[in-house]
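Chain by chain, the residues run as shown.
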Amino acid sequence: MATIEETAQAIPILVDEPATKPKLQAEVVEATPSVTRSQINYPHSNLTLEDRHVDELRPLKVGVIGAGLSGVLAGILLPAKVPEIQLTIFEKNEDVGGTWLENQYPGVRCDIPSHVYQATFSPNTQWTEEFAEGKEIWNYWQYQARKYDVYRYIKFNSNIQTAQWDDKSSKWVLQVEDTKSATTSHEEFDFILSAIGRFNAWRLPKYEGIEEYQGHLRHTSNWDSSFDVTGKSVAVIGNGASGIQLVPNIQPLVKRLDHYARSKTWIAGTWVGNERVFGPQPFSSDTLQSFQDPQAYLKYRKEAEGTYWRGIKAMRRESAEVNAMRDDYIGIMKKRLKKKPELLSRLIPDFSPHCRRLTPGPGYLEAITEDNVDYIQTPIRRLTKTGIETIDGHHREVDAIFCATGFNIDFAPPFPIQARGVDLNKAWKPDGEVGYPKTYLGLAAPGFPNLLFVGGPHATGASGTVPHSVENQLTYYAKILRKVSSQGIKSIAPSSKAVDEFIEYADAYFPTTPLTDNCSSWANGGRPGARIHGAWPGSASHQTFIRREPRWEDWEYEYLSPSGNRYAYFGNGRTTRELDPDTDMTRYLTLPSEVDLRNIHESWWQWP
Ligand SMILES: Cc1cc2nc3c(=O)[nH]c(=O)nc-3n(C[C@H](O)[C@H](O)[C@H](O)COP(=O)(O)OP(=O)(O)OC[C@H]3O[C@@H](n4cnc5c(N)ncnc54)[C@H](O)[C@@H]3O)c2cc1C
Ligand SMILES: NC(=O)c1ccc[n+]([C@@H]2O[C@H](COP(=O)([O-])OP(=O)(O)OC[C@H]3O[C@@H](n4cnc5c(N)ncnc54)[C@H](OP(=O)(O)O)[C@@H]3O)[C@@H](O)[C@H]2O)c1
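Quick caveat: nothing in here was measured; it's all calculated off a predicted structure.

Caption draft 1: The arrangement of the overall build of the protein chain in detail. The number of helices and strands found in the protein chain is 15 helices and 20 strands. In terms of overall size, the protein chain behaves like a compact globule, its C-alpha atoms giving a radius of gyration of 27 Å where 608 residues would be expected to give roughly 25 Å. For the C-alpha atoms alone, the extent of the protein chain along its principal axes is close to 100 × 55 × 50 Å. Sorting the 608 residues of the protein chain into buried and exposed places 39% on the buried side.

If you want it as structure tokens, here you go:
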């Protein structure tokens, strides 16, 4: 079978002008030419012209925290889209991939089709399975990092411990821990992009006795593959997507499995019509062969991905679609629980589908009906040396406890990010001075200049795809970085008023959706009834439309020029480009057959 290296389509980086400083070859225009004042009969300008060309860009030092797929995409797109960028990506692990590097529990795989969960510009025609295993997804992103030379920007084993904004220098100072030598250093940046992932800071439950338990205890994101579950008695705590994926994959191997599921949950059956079965769903060699035809493959991709943009109807509270979905899922669950029909009423939630993130859970319902599984909804009281005790006093001994107990979903960054006396790590916590992740369109925070979030709060809608959303967000950030680097801007932050109005919109929108039903989910920080911060208030298409062009009026700026004149960067009234005899000044002239009137004079990289 062909490898990704052999088959992926090479997509050239679309920069026809190298991202290097333009060279100045010809005459230098005198910045403040002498004029005879007597010829001028209007008041003298107080502005001293700067001796610079308007297209001389300020090289921006940009630090990205995290090299999961978001950090890798940043390493591909930002150098292509932001001339003069000086990029560093910090990654605490030894390699790229984030989620897909760290999660190695049995059965970890995407529940979105492989051909949909990939970079839009660099598809892999040869995914082996319709829903790839974690390892194959990790290989894909690692290959993208190699293909686009992203590794040159990454510092591995570099754990960011703090980020501190210095108003005097208008720089972010990162404290970086070298996890190998346990030493720390400091690095300064003009901009920080936080790409630390929503599901990276994993959480063990805080039960009394957890320290005393003497068996094997692991979070699913911290799996120890040297531990063999065969023939053991084990507990799995949690029935989110990780628990639902783990249970059927270890149930046939273990002697006994106690599944602690304190909340009820929907099992979706299929995602947007993709048929799901337990285990691999490999592509046939004929299908893989047919994907070698670029036109056929593009058609397949467009059909597969298109369905992910239209799922929003079922996000209307009590809509006919939600009600139909509820009935459909009850039917599916009933069928799959036929061995133990009594479980149905213990599983069906009183909240709507889509309140929690849906999962098709192939094999899960079948697994929990097996005789070696105990489905336990009684809350846990404590852990003991040998097992788990529930509040009814029942003690169950186990050789291993697997905690599929989720992540730091309050979205408060897991390390201090401080500016102007506020620390997001504390302020965004439910008991903090803000109390939730208060952002501008999920992109930036008021009072935190030059700080941008990738895949953070409000990152994606209920539809669309994660890679598309990340690419789109990075494209928005490229526009910000180009503006700052070319327009004499020192710092940029969203205005408080814009943020308040966005929150007002989101607070009006979410109650129209099942997300505000009475459930615990990562969209509400695991707190039923709490403000929704995990999802975009609208569909993915809605989000893409809004993020197409920045609303510059929503941002506040500080300028580099001490004059305070926002146009000081206009400089000497010339561009370096026009002074360079080798520059093509008429790139807007093309063959008439290539003209698309919608694109006329729209591209940022082509101007006289
Ligand atoms: C088990 C699992 C399965 C999933 N399945 C799906 C799926 O089927 N479909 C889907 O759309 N999404 C799925 N997701 C969500 C998935 O996390 C995202 O789709 C995507 O991988 C996020 O990429 P990311 O780069 O934003 O974050 P991550 O992949 O989490 O990467 C974040 C990176 O930041 C690094 N980092 C964090 N803090 C620091 C620090 N202080 N200093 C330095 N580095 C730091 C981490 O080490 C990590 O490499 C799944 C998540 C999990 C946990
Ligand atoms: N491709 C996939 O199939 C896949 C697989 C894994 C993850 N993911 C992605 O990653 C996200 C996170 O999934 P996740 O399952 O790891 O986390 P999760 O959805 O947050 O689920 C965590 C589970 O642990 C339970 N829990 C937490 N603390 C507990 C405690 N102290 N005692 C008992 N139970 C406790 C929660 O119960 P409550 O609900 O009662 O709080 C919940 O059932 C998913 O939503 C999805 O986006 C996808």
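On we go from here.
Caption draft 2: Fine view of the site of ligand 2. Near ligand 2 there are 24 residues, and of these Pro205, Gly238, Gly240, Ser242 and Gly406 occur at the shortest range. If one sorts the elements of the shell around ligand 2 by residue count, helix H5 (residues 241-250) sits on top with 4 residues. Of the residues belonging to the shell around ligand 2, the class tally is 9 nonpolar, 12 polar and 3 charged. Each of domain 1 (60-201 + 409-559) and domain 2 (218-272 + 310-403) gives at least three residues to the shell around ligand 2.

Caption draft 3: Focus on the environment of Lys206. Its place among the elements puts Lys206 in the loop between strand S7 (191-194) and strand S8 (216-219). Sequence separation between Lys206 and Ala462 is 256 residues; the distance between their C-alpha atoms is 31 Å.

Caption draft 4: A look at the site of ligand 1. Close to ligand 1 lie 30 residues; Gly66, Gly68, Ser70, Gly98 and Gly197 are nearest. Per element, the largest residue contribution to the shell around ligand 1 is 3 residues, and it comes from helix H2 (residues 69-81). Of the residues that constitute the shell around ligand 1, the class distribution is 14 nonpolar, 13 polar and 3 charged.

Caption draft 5: Looking closely at the sheet that holds strand S14 (residues 395-397). Sheet architecture is open: 3 strands sit in the order S12-S13-S14, paired in antiparallel fashion. Among the strands making up the open sheet, the edge pair consists of strand S12 (380-383) and S14. Ignoring which end each strand starts from, the neighbouring axes of this sheet average 20 degrees apart. One ladder, built from 3 bridges, connects S12 with strand S13 (residues 387-390); its direction is antiparallel. Residue Leu383 lies in a different strand from S13, and its bridge partner there is Ile388.

Caption draft 6: Seen up close, the environment of Phe227. Among the structural elements, Phe227 can be located in the loop between S8 and strand S9 (233-237). Sequence spacing of Phe227 and Asn450 is 223 residues, and the spatial spacing of their C-alpha atoms is 45 Å. Those residues in contact with Phe227 that sit more than four places away from it in its chain are His216 and Ala400.

Caption draft 7: Spatial organisation of H5. The buried count for H5 comes to 9 of 10 residues, which makes it a mostly enclosed element. Taken as a whole, H5 has its buried residues at Ala241, Ser242, Gly243, Ile244, Gln245, Leu246, Val247, Pro248 and Ile250. In the core, the buried residues of H5 are packed alongside S9, strand S10 (256-260), helix H10 (364-368) and strand S15 (400-403).

Caption draft 8: Molecular detail of helix H4 (residues 134-147). Taking 1.5 Å as the rise per residue, H4 with 14 residues should run 20 Å; its terminal C-alpha atoms sit 20 Å apart, in good agreement. Listing the buried residues of H4 in full gives Gly134, Ile137, Trp138, Tyr140, Trp141, Gln144 and Ala145. Viewed end-on, H4 has its buried residues packed into an arc of 155 degrees, placing them on one side of the element. Just downstream of H4 lies Asp149, where phi reads positive at about 55 degrees.

Caption draft 9: Molecular detail of the packing of H2 against H4. Where H2 contacts H4, the axes come no closer than 10 Å and their chain directions differ by 20 degrees. Taken together, H2 and H4 sit at an angle that is classed as roughly parallel. H2 and H4 meet at a crossing whose hand is left-handed. Here H2 contributes Leu69, Val72, Gly75 and Ile76 to the contact with H4, which in turn contributes Trp141, Gln144 and Ala145.

Caption draft 10: Spatial organisation of the sheet that holds S15. Strand order in this open sheet of 5 strands is S8-S15-S9-S10-S11, and the pairing throughout is parallel. At either end of the open sheet lies a strand with only one pairing partner, and these are S8 and strand S11 (373-376). On average, each strand axis in the sheet is inclined to that of its neighbour by 15 degrees, with strand direction left out of account. Of the pairings in the sheet, the one linking S9 to S15 comprises 4 bridges and is parallel in character. Residue pairing for S15: Val234 is matched across the bridge by Ala400. Of the strands in this sheet, S9, S10 and S15 touch H5, which is tilted by about 165 degrees from S9.

Criteria and cut-off values
- Residues numbered from 1 in each chain as written.
- Chains lettered and ligands numbered in written order.
- Predicted model: local features only at pLDDT ≥ 70, side-chain atom pairs only at ≥ 80, totals over all residues.
- Helix = DSSP H or I, 4+ residues; strand = E, 2+ residues; numbered from the N terminus.
- Rg over C-alpha atoms; globule rule 2.2 N^0.38 Å.
- Buried ≥ 20, exposed ≤ 12 C-beta atoms within 10 Å, placed from the backbone.
- Near = placed C-beta within 6 Å.
- Nonpolar A, V, L, I, M, F, W, Y, C, P; charged D, E, K, R; others polar.
- Domains from an automatic or database assignment.
- Pairing = 2+ DSSP bridges.
- Axes fitted to C-alpha atoms, helices over the stretch in contact; angles between N-to-C directions.
- Contact = placed C-beta atoms within 7 Å.
- Expected span 1.5 Å × (residues − 1).
- Arc of directions from axis to C-beta.
- Parallel < 35°, antiparallel > 145°, perpendicular 65-115°, else oblique.
- Left-handed = near helix turned anticlockwise from the far one by under 90°.

Honestly, it's all geometry; don't read function into it.
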